[in-house]
Every structure is written in structure tokens, then in C-alpha cells.
Amino acid sequence: MKSYHKELWLEIPARMDFVNITGEVERALEESGIKEGLCLINAMHITASVFINDDEPGLHQDYKKWLEELAPHEPLSRYQHNRTGEDNGDAHHKRQIMGREVVVAVTRGRLHFGTWEQIFYGEFDGKRKKRVLIKIIGE
């Protein structure tokens, strides 16, 4: 069995946004030479997420609105975590809702997706560099 990893670094200018990283993951898979196996993609920060869904702008706007309703950024006093001097208590909750990572099957050297599936990086406390781990195992 072979193993391959790569890190992506992202710096999102907005506090909350979603970035399609499918192309970068596909390039990493090609670099790995692995044809059959599994590909793990995970956010390496506790205020960011990786998830799979449709690349449709209306859906992304709906997510942003829904997440802000569930865990609003303000008032900052809403979160005990912010009493430590942070202002990102909401971002931790949003990450928990959207998830840390995804695993995609690799079949014949390609990501084995369902119709419309794409991989996204979700940022909930942006404006600084963060990384995503791609780990591929297989043969």
C-alpha cells in the first residue's frame, strides 16, 4: 500500500466563505499515482471545515445565512470562549456543524463522486493563513 500527503494553504479575505478545492485534491491524487484507495481531506484548524456538496452559489448563501442564524458572530458576549480574549466563539460552533473532514473513495485513479459532488473548504474565522491536509492511501 502507498501513502501520499499534501498540504494546501489558504488565506480567505472574508470572515466566512466557502472555496471549492476539488481541483487541488484531484491534482494531489494525480501526483500520488494511487489508483484505488481512499482520500482524506481535513481542515487543520478548529475554526474551519471541509465538506462535500453542490457548487451552487445560492446554496452557499443559504449556508452562510443558516450558520449565522444558528451561531451568530455577535454579540461577542454570547460565547464564554470569547472571554479568553478571542472573538471567534461562533466559528468553533460553525465548524462543529459543518464537520472537520471528508473521505472520498478513489477508483481507477479518480475521486469517486456522486452527481454534483464537489469538495469545499469552509472558513469561519478568516483573514489569516490556514491549511488543509490531503492524505491518500491505496495502491
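Residues numbered from 1 in each chain as written. Predicted model: local features only at pLDDT ≥ 70, side-chain atom pairs only at ≥ 80, totals over all residues. Heavy atoms only, no water.

Topic: the sheet that holds strand β4 (residues 48-53)
Test applied: Following DSSP output, two strands are said to pair if at least two bridges run between them. Helix and strand labels come from DSSP, where a helix needs a run of H or I of at least four residues and a strand needs a run of E of at least two; each type is numbered from the N terminus. Between N-to-C directions, angles span 0 to 180 degrees; the directions come from axes that are lines fitted to C-alpha atoms, helices contributing only their stretch in contact.
What the three strands build is an open sheet, ordered β2-β7-β4; its pairing is antiparallel. One side of each edge strand has no neighbouring strand; the edge strands of this open sheet are β2 (17-20) and β4. Neighbour to neighbour, the strand axes of the sheet diverge by 30 degrees on average, direction disregarded. With six bridges connecting them, β4 and strand β7 (residues 118-123) associate as antiparallel partners. Following the sheet pairing, Asn53 is matched in β7 by Gln118.

Quick notes on the pairing of strand β5 (residues 101-107)
Condition: Here's how the labels work: a residue is buried when its accessible area is under 20% of the maximum for its type, exposed when over 50%, partly exposed in between, all with a 1.4 Å probe on protein chains only.
The two faces of β5 differ: Val102, Val104 and Val106 on one face are buried, but Glu101, Val103, Ala105 and Thr107 on the other face are not. Where strand β3 (residues 37-43) and β5 come together, six bridges link them in antiparallel fashion. Considered in β5, the bridge of Ile41 is made with Val102. Sheet analysis places β5 next to strand β6 (residues 110-111), joined by two bridges and oriented antiparallel. Its bridge partner being in β6, Thr107 is matched across the sheet by Arg110. Two successive antiparallel strands, β5 and β6, enclose a turn made up of two residues, where Arg108 displays a positive phi of approximately 50 degrees.

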